[in-house]
There are 2 protein chains.
Amino acid sequence: MKIYDHPALPNPKRVRIALAEKGLADKVEFVFVDVLKGEHRLPDFAAKNPSQLVPVLELDDGTCISECTPIIDYLDQLDGNPTLTGRTPKERAMIGMAQRRMERELLDAVVDYFHNATPGLGSDLETQQNKAWGETRRDIAVAAMHALDRDLGHRPYVAGDTFSMADITAFAGLYCLGFAKMDVPSELKNLVAWHERVAARPAVVAAMQ
Amino acid sequence: MKIYDHPALPNPKRVRIALAEKGLADKVEFVFVDVLKGEHRLPDFAAKNPSQLVPVLELDDGTCISECTPIIDYLDQLDGNPTLTGRTPKERAMIGMAQRRMERELLDAVVDYFHNATPGLGSDLETQQNKAWGETRRDIAVAAMHALDRDLGHRPYVAGDTFSMADITAFAGLYCLGFAKMDVPSELKNLVAWHERVAARPAVVAAMQ
């Protein structure tokens, strides 16, 4: 298997954390895509993912899978023990719901704010900024952090009792805060404690290097 | 099981199509949520889904599942034959990837255009319109229809050889065009033919009534 990505970006980090959690990091070959130079828009990469987004998982038969959720879902099922995405239909649903909420309301919201209402990647790359919309998205991200803090007051992980794909998405969301010059509000004690706990997981330490 | 929804809206349609495809439509009780009157923002509903979006699936034990993908994933697994979401890890990945792409680039894009750059649901409800962003999203939806038309030139359904959750999402995207006063471009012959074929499926006919 190959992973086409840029290791510093948040969505690649999600897949790298999943790979490390599953003990698969040394089973894949990483291929660097220089997103900051626009390499993801060139025909070679667009043939692998028409949406022109990293990461992409390429299977040994040449099949290309993009979008983080299906990539992680696929990797999680390889050992027959899908700890990250859920082992029963109900567990899958709870994790899938929390994951999608964290994606839309936290991770993607911070990314949208970064690209639209901050200097982002610079004026050469940020040609379609929309400040008002970016600021709306920032407010959604802040509200999501407050809601997550409340949830973490009565469960240890984002989707329930165990670490899952939803934690990975939320962790990537907080990782993006740095790019956007935002912080986890220090009064959100549950969120701060969860963040420290997740950041200390050996797989997360390895993937974030 | 109960489904809280508003039957005319696109995301509820997705779940209703899935229920009909799986022969489950008469196994659930539908509870009407008057979204146009803001009922989804009231505490009773927000307790079921803090994101304040329909639909919500409530299981008999009171567990509430929101977000269409995990709802459909759950329903699809009840009979042990997940035809809509994939029966192997690779099938799951291909369907999950196509579904997410259709969601972001077609369905959600048309919805965003409708709410931001058309009169939408009227000035009482559309208090945060952003015309420039809405128009960007319209252009993304139009590009997605062209891309899907090309894809449907070499496969019968959105994610491959069989009807899946990805077709449901794309169909809901085209359903939204009416609200936004957009059309399927008539030159997109493959897309037009696929749309007619999907619209004629008995389950889709039943769910769209």
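Bear in mind the structure is a predicted one, so any value in this text is a computation, not a measurement.

Parameters and conventions
Residues numbered from 1 in each chain as written. Chains lettered and ligands numbered in written order. Predicted model: local features only at pLDDT ≥ 70, side-chain atom pairs only at ≥ 80, totals over all residues. Heavy atoms only, no water. Helix = DSSP H or I, 4+ residues; strand = E, 2+ residues; numbered from the N terminus. Buried < 20%, exposed > 50% of the residue type's maximum accessible area, 1.4 Å probe, protein only. Contact = heavy atoms within 4.5 Å. Expected span 1.5 Å × (residues − 1). Least-squares fit on C-alpha atoms with pLDDT ≥ 70 in both. Salt bridge = Lys/Arg side-chain N within 4 Å of Asp/Glu carboxyl O. Polar contact = N/O pair within 3.5 Å; in protein donor to acceptor, adjacent residues only side chain to side chain. Pairing = 2+ DSSP bridges. Axes fitted to C-alpha atoms, helices over the stretch in contact; angles between N-to-C directions. Domains from an automatic or database assignment. Buried area = accessible area lost by both parts, 1.4 Å probe.

Points about the environment of Leu 174 of chain A
Residue and element names in this part refer to chain A. Relative to the helices and strands, Leu 174 is located in helix H6 (residues 165-179). Taking the relative accessible area as the measure of exposure, Leu 174 reaches 5% and is therefore buried. For the pair formed by Leu 174 and Thr 118, sequence separation is 56 residues and the distance between their alpha carbons is 17 Å. Not counting residues within four places of it along the chain, the set of residues in contact with Leu 174 comprises Leu 106, Met 145, Val 184, Leu 191, Trp 194 and His 195.

Side note on helix H6 (residues 165-179) of chain B
Residue and element names in this part refer to chain B. Taking 1.5 Å as the rise per residue, H6 with 15 residues should run 21 Å; its terminal C-alpha atoms sit 22 Å apart, in good agreement. Most of H6 sits out of view: 12 of its 15 residues are buried. Turning to H6, its buried residues number three or more, namely Met 165, Ala 166, Asp 167, Ile 168, Thr 169, Ala 170, Phe 171, Ala 172, Gly 173, Leu 174, Cys 176 and Leu 177. Those residues of H6 hidden inside the fold are in contact with helix H1 (10-21), helix H3 (68-77), helix H4 (89-117), helix H5 (131-151), helix H7 (189-199) and helix H8 (202-208). Following H6 by one or two positions, Lys 181 has its phi on the positive side, about 55°.

Remarks on the relation of the copies chain B and chain A
Note on the identical chains: chain B maps onto chain A by a rotation of 180° and an axial translation of 0.0 Å, with an RMSD of 0.0 Å. Expressed as a symmetry operation, the mapping of one chain copy onto the other fits a two-fold axis. Residues of chain B ranked by C-alpha distance from the rotation axis are headed by Trp 133 of chain B, positioned 3.6 Å from it. A shared interface surface links the copies, since 100% of the contact residues of chain B are contact residues in chain A too.

Structural notes on the interface of chain B and chain A
Across the boundary between the two partners, chain B contributes 33 residues, which contact 33 residues of chain A. Counting every contact that joins chain B to chain A gives eight salt bridges. Glu 67 of chain B is the salt-bridge partner of Arg 104 of chain A, the closest N and O atoms lying 2.7 Å from each other. Joining chain B to chain A, the criterion identifies 17 residue pairs in polar contact (both at pLDDT 80 or more). Among the elements of the structure, strand S4 (64-66), H3, H4 and H5 of chain B are those that each provide at least two residues to the side of chain B that touches chain A.

As for the pattern of salt bridges
Using the criterion set out here, one finds 38 salt bridges over all chains in the structure. A salt bridge links Asp 61 of chain B to Lys 90 of chain A; its shortest N-O distance comes to 2.5 Å. You can see Asp 61 of chain B sitting in the loop between strand S3 (56-58) and S4 and its partner Lys 90 of chain A sitting in helix H4 (residues 89-117), one on each of two chains. On the basis of relative accessible area, Lys 90 of chain A is assigned to the partly exposed category, the value being 31%. Note that Arg 100 of chain A and Glu 103 of chain B form a salt bridge whose closest N and O atoms lie 3.8 Å from each other.

Looking at the environment of Ala 132 of chain B
Residue and element names in this part refer to chain B. With respect to the helices, strands and loops of the structure, Ala 132 is situated in helix H5. Residue classification places Ala 132 among the partly exposed positions, given a relative accessible area of 46%. The spatial distance from the C-alpha of Ala 132 to the C-alpha of Arg 92 is 36 Å, given a sequence separation of 40 residues.

Quick look at the sheet that holds strand S1 (residues 2-5) of chain A
Residues and elements named next belong to chain A. Pairing is mixed in the open sheet, where four strands are placed in the order S2-S1-S3-S4. On the outer flanks of this sheet lie strand S2 (29-32) and strand S4 (64-66), each paired with one strand and no other. Strand-to-strand twist in this sheet, taken as the mean axis angle between neighbours without regard to direction, amounts to 25°. Of the pairings in the sheet, the one linking S1 to strand S3 (residues 56-58) comprises three bridges and is antiparallel in character. Paired with Lys 2 across the two strands is Glu 58, which belongs to S3.

As for the domain arrangement of chain A
All names here are of chain A. Partitioning chain A into domains gives domain 1 (2-77) and domain 2 (89-201). The distance between the C-alpha centroids of domain 1 and domain 2 comes to 21 Å. Contact residues are listed per partner, giving 13 residues for domain 1 and 17 residues for domain 2. For the pairing of domain 1 and domain 2, the buried interface totals around 1300 Å² over both sides, and the portion due to carbon and sulfur atoms is 65%. When the buried surface of domain 1 facing domain 2 is broken down by residue, Pro 10, Arg 14 and Glu 21 rank first, second and third, together holding 40% of it. Our count for the domain 1 to domain 2 interface comes out at three salt bridges.

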